[in-house]
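Per-entry structural report
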Amino acid sequence: MKTRIKVLCADITTLEVDAVVNAANTRLLGGGGVDGAIHRAAGPELLEECRRLGGCPTGEAKITGGYHLPANHVIHTVGPVWKGGRSGEADLLECCYRRSLEVAAERGLTSVAFPSISTGAYRFPVEKAAGIAVRTIGDFLSDHPRMEVILCCFSESDRDVYRNALERWEKQE
Ligand code: AR6
């Protein structure tokens, strides 16, 4: 499994993968953070396609083209807003990772890059989020031997948190 989950510190809009995942909001019409960066890099055609999707519930995922991105597709998922941890945030975040991977697998995609969903504007604590991401992706990959996943962090400190979570998860597997 080790070789099939990679943790990087990079701008996700530069990655050449089958799909990058966007940490969007329920309207799917763009925003700040990684959502803004993906829309800027993909170009206005992405927004046009997103308008036709009619939004997306929290925890769900929808796929579009990648347009001017090096990635062929964008999988838009909506992470939970952190409200203290007793509003189902952990389950919803798990759902984001699982549904995004299911959507990718349904299309036969084999390389997917995720940002650190919900840990920016939505304030989900990054240590908790990293544990959920690694466990959910790891479980999914054990049933999907052809898939590879990149966890694309935007700071070295986040990268270290995700690397530690991955190491811990691998030890207990
Ligand atoms: N590449 C990789 N990661 C990035 C990039 C990038 N180019 N830019 C930012 N990040 P956020 P959320 C990191 O706020 O918490 C938007 O307005 C960032 O440092 O983008 O799920 C949406 O429209 C952080 O670690 O997403 C929603 O309204 C991570 O991406 C809302 O924000 C996620 O931060 C979603 O909030």
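What comes next is a walk through the structure. (Residues numbered from 1 in each chain as written. Predicted model: local features only at pLDDT ≥ 70, side-chain atom pairs only at ≥ 80, totals over all residues. Heavy atoms only, no water.)

What about the overall build of the protein?
The helix and strand tally for the protein stands at five helices and six strands. In the protein, the succession of α and β elements from N to C terminus is β-β-α-α-β-β-α-β-α-β-α. Relative to the 2.2 N^0.38 estimate, which gives 16 Å for 173 residues, the radius of gyration of the protein is 15 Å and therefore close to what a compact globule would have. Principal-axis analysis of the C-alpha atoms gives the protein an extent of 45 × 35 × 30 Å. Relative to its 173 residues, the protein shows a buried fraction of 51%. Excluding contacts between residues fewer than 6 apart, the proportion of contacts in the protein whose partners are at least 24 apart in sequence is 69%. (Helix = DSSP H or I, 4+ residues; strand = E, 2+ residues; numbered from the N terminus. Rg over C-alpha atoms; globule rule 2.2 N^0.38 Å. Buried < 20%, exposed > 50% of the residue type's maximum accessible area, 1.4 Å probe, protein only. Contact = heavy atoms within 4.5 Å.)

Structural notes on unusual backbone geometry
The backbone of Tyr 67 shows a phi angle near 50 degrees, a positive value even though the residue is not glycine. Within the fold, Tyr 67 resides in the loop between strand 3 (61-65) and strand 4 (73-78). For Ser 118, which is not glycine, the phi dihedral falls at a positive 75 degrees. Relative to the helices and strands, Ser 118 resides in the loop between strand 5 (111-114) and helix 4 (126-142). Residue Ser 118 is classed as buried on the basis of its relative accessible area, which comes to 6%.

A word on the layout of surface pockets
Considering only enclosed or pocket space, the largest pocket measures out at about 560 Å³ in volume. If you trace the largest pocket, you find 25 residues lining it, with Ala 23, Gly 33, Val 34, Gly 120 and Ala 121 closest to the centre. Those elements that place two or more of their residues in the lining of the largest pocket are strand 2 (19-24), helix 1 (33-42) and strand 6 (148-153). Ranked by residue count, the leading element in the lining of the largest pocket is helix 1, at four residues. Partitioning the lining of the largest pocket into residue classes produces 13 nonpolar, nine polar and three charged. (1 Å grid on protein atoms, 1.4 Å probe; cavity = no way out; pocket = protein on both sides within 12 Å on 5 of 7 lines; lining within 4 Å. Points joined across faces, edges and corners; volume = space filled by probe spheres on them. Nonpolar A, V, L, I, M, F, W, Y, C, P; charged D, E, K, R; others polar.)

Some points on the state of the cysteines
Scanning the model with the defined rule gives zero disulfides in all. Residue Cys 56 stays outside any disulfide, its sulfur separated by 8.2 Å from that of Cys 96, the closest cysteine. Judged by its relative accessible area of 3%, Cys 56 is buried. (Disulfide = S-S within 2.5 Å.)

Section: the site of the ligand
In the vicinity of the ligand there are 21 residues, among which Gly 32, Val 34, Asp 35, Gly 120 and Ala 121 approach most closely. For the ligand, an oxygen atom lies 2.8 Å from a polar atom in the side chain of Asn 25. In isolation the ligand offers 700 Å² of accessible surface; the protein chains occlude 87% of this area. Cavity membership is defined here by more than half of the atoms lying within 2 Å of grid points; on that basis the ligand lies in the largest pocket. At the level of secondary structure, the elements contributing two or more residues to the shell around the ligand comprise strand 2 and helix 1. The element contributing the most residues to the shell around the ligand is helix 1, with four residues. When grouped by side-chain class, the residues that make up the shell around the ligand number nine nonpolar, nine polar and three charged. (Near = heavy atom within 4 Å. Polar contact = N/O pair within 3.5 Å; in protein donor to acceptor, adjacent residues only side chain to side chain. Areas by Shrake-Rupley, 256 points an atom, 1.4 Å probe, with all protein chains shown as cover. Sits in = over half its atoms within 2 Å of the grid points.)

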